[in-house]
Every structure is written in C-alpha cells, then in structure tokens.
Amino acid sequence: MIDRLDHKQETLLASLLAGKLPRNLPWNEVIELMGRLGEVLPRSGNEVEFVVGSHRAFFNRPHTHSLEVDEVSRLRRFLHEAGLRAAAAETTPAGRTVVVIDHRSARIYQDLGGSGVERKETEKPFDPHGFHRHLIHRKESDYAGQRVPEEDSFYEQIAEALKPAREIILIGHGTGKSSALDFLVEYLKSHDSTISQQVIATEVTDLSALTEPQIEAIARRHF
C-alpha cells in the first residue's frame, strides 16, 4: 500500500502521522493520498467516505480548497486507528538538504522529512523549511596568505552529514580549483556515488552577500 506513494505523498503521510499538523492542507492532496492508501467513496452532497482496511470515516468536502485544522486532526486520528502509525515510521522520507560551502566552512541545512511547516511570528532563529543548521569548519594553519590545501577530512565530514539526505542542493562560488563546491561534487562522485546521485542542483553565487532568505528562495525553487 505505502510503497505505491510518491515522495510528496510519503512526506505528507509522515507529517499527518507525527509532528506538527500540516496547515492549509489542500483537499485534492488528501483525496490523492487516501486513494493510494485505500478507497475514496463519494456519498450524498459534499460527503466522502475514506476506507483504509477495515476502518471507515466520513469527511465533508471543505468550502475552501483546504481542510480546517480540526479536520486535519481528525484525519490523523483516523490514520492511526487504521494502523498506519508503525508503517509511517518505516517510510518517513529522509531530508531535503542544502549545503552552502566555501574553502573554510560548510553550512548544512537539513529538513528531516517534515511538510507543511507551521510558521509563527516568534523570536525563534531563522530556519528555512524547518531546517536545522549544522556548521563544519576546516582546520587551517598559516600558509603565508596562500590558500590552504584541500583536506579530505573536511569533505568527509560533509559527506557523513549528507548520508540521511534524499535531495541535495549545493551552493558555492568560483569555478574549478578555486571552487570548494566543485571539489565537493567531485569528492562525492569518487567517494560516495549514492550521495552524489541525490544532488539535484548546484548554484554558483556570491557567498559574501548571500542571506538566509536567499538560501530559502533557492531551496524553494529547486525543491
């Protein structure tokens, strides 16, 4: 049943079963997901019946294009009652990851599979897409103004952090030998083809002027 879900549906199911409830959940996405999990049976008026195994529940088509929060909560209870809690734990998709890299450090933003991130006006640090930032720094010595030779250990740490990633965007500046981004791409190709295949996009930009809202915009464009 769940193995027929695409990545977007896996992410939605994981969000419905655990963590923060999705906000403004589109009705058409609910119908598509429930059709994959079981059956969607039209009833009188705006009412539909969701059937998953031996469990049934009736929902009304919302007046807007999205389910209200209380109905999303009721949908979560129904999915739990239908026995999907354990299955979701096995299929929660790995994260979407953004790496911003130069020769000195790598900033890694990881979203561990959540969807419909709830945005609130709070004092929390900026966190695009629910990412949690990790910093990996290089150890540097005095090379009299010359660029420090590349250290495999630096890129090895990045590769290790990328192991849970399902979709990866790499952001850097420069080209060729002057580009840590290019070096990382080649390192992943030669040392871990599995991670390399998860790279869906690379971006070359001016990192000195790159803001976190711009990182978020790049992520949205590619994800």
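Note that the structure is predicted; figures quoted are calculated from it, not measured. (Residues numbered from 1 in each chain as written. Predicted model: local features only at pLDDT ≥ 70, side-chain atom pairs only at ≥ 80, totals over all residues. Heavy atoms only, no water.)

What follows deals with the overall build of the protein chain. Broken down by element type, the protein chain carries 8 helices and 10 strands. Out of the 223 residues in the protein chain, the part that is buried amounts to 41%. A separation of at least 24 residues holds for 64% of the contacts in the protein chain among residues at least 6 apart in sequence. Accessible surface, the protein chain: about 12,700 Å² in total, of which carbon and sulfur atoms supply 48%. (Helix = DSSP H or I, 4+ residues; strand = E, 2+ residues; numbered from the N terminus. Buried < 20%, exposed > 50% of the residue type's maximum accessible area, 1.4 Å probe, protein only. Contact = heavy atoms within 4.5 Å. Areas by Shrake-Rupley, 256 points an atom, 1.4 Å probe, with all protein chains shown as cover.)

It is worth spelling out the nonpolar core at this point. With 24 residues, the main nonpolar core has Met-34, Leu-37, Phe-50, Leu-75 and Leu-79 as its most contacted residues. Counting only elements with at least two residues in this core, the list comes to α1 (7-17), α2 (27-37), β3 (47-52), β4 (55-60) and α3 (69-81). Considering each element in turn, this core owes the most residues, 5 residues, to α2. For Met-34, the residues in contact, after removing those within four places along its chain, are Glu-39, Val-40, Phe-50, Val-52, Leu-75, Phe-78 and Leu-79. Ranked by size, the runner-up nonpolar core spans 20 residues in total, among them Ala-159, Ala-165, Leu-188 and Ile-195. (Core = buried A, V, L, I, M, F, W, Y, C linked by side-chain atoms within 4.5 Å.)

Taken together, 3 strands build an open sheet; the order of strands is β2-β3-β4 and the sheet is antiparallel. Two strands bound the open sheet, and with one partner strand each, they are β2 (39-42) and β4. Ignoring which end each strand starts from, the neighbouring axes of this sheet average 25 degrees apart. As paired elements, β2 and β3 share 4 bridges and run antiparallel to each other. Among the inter-strand pairings, Leu-41 is bridged to a residue of β3, identified as Glu-49. Sitting on the sheet, α2 touches β2, β3 and β4, and the angle it makes with β3 is about 35 degrees. Across the sheet, α3 touches β3 and β4, and the angle it forms with β4 is around 170 degrees. (Pairing = 2+ DSSP bridges. Axes fitted to C-alpha atoms, helices over the stretch in contact; angles between N-to-C directions.)

On to the packing of aromatic side chains. In total, this model carries 5 aromatic pairs according to the counting rule given. Here Tyr-155 and Tyr-187 contribute two aromatic rings whose centre-to-centre distance is 6.1 Å and whose plane-to-plane angle is 35 degrees, an arrangement assigned as tilted. With Tyr-155 in helix α5 (residues 152-161) and Tyr-187 in helix α6 (residues 180-191), this residue pair connects regions lying 32 residues apart in the sequence. In terms of burial, Tyr-155 and Tyr-187 fall into one category: buried. The structure contains a cluster of three or more aromatic residues connected by ring pairs, namely Phe-154, Tyr-155, Phe-183 and Tyr-187. (Phe/Tyr/Trp six-rings, centres within 6.5 Å; stacked < 30°, edge-to-face > 60°.)

Before going further, it helps to spend a moment on α6. With 12 residues, α6 ought to run about 16 Å at 1.5 Å a step, and its terminal C-alpha atoms sit 16 Å apart, in line with that. Taken residue by residue, α6 has Ala-180, Leu-181, Leu-184, Val-185, Tyr-187 and Leu-188 as its buried positions. Considered in projection along α6, the buried side chains sweep an arc of 165 degrees and stay on one side of the axis. Exposed positions of α6 whose direction lies more than 90 degrees from the buried face are Lys-189 and Ser-190. Of the residues flanking the start of α6, the one acting as N-cap is Ser-179, its side-chain oxygen 3.2 Å from the backbone nitrogen of Leu-181. (Expected span 1.5 Å × (residues − 1). Arc of directions from axis to C-beta. Polar contact = N/O pair within 3.5 Å; in protein donor to acceptor, adjacent residues only side chain to side chain.)

In this fold, Leu-17 is placed in helix α1. Assessed through its relative accessible area of 8%, Leu-17 is described here as buried. Considered as a pair, Leu-17 and Leu-75 are 58 residues apart in the sequence and their alpha carbons are 9.2 Å apart.

Our focus in this paragraph is helix α8 (residues 212-222). Among the residues of α8, those classed as buried are Glu-212, Ile-215, Glu-216, Ile-218 and Ala-219. The buried residues of α8 occupy an angular sector of 160 degrees when the element is viewed end-on, so they sit on one face. The outward face of α8, more than 90 degrees from its buried face, is lined by the exposed residues Arg-220 and Arg-221.

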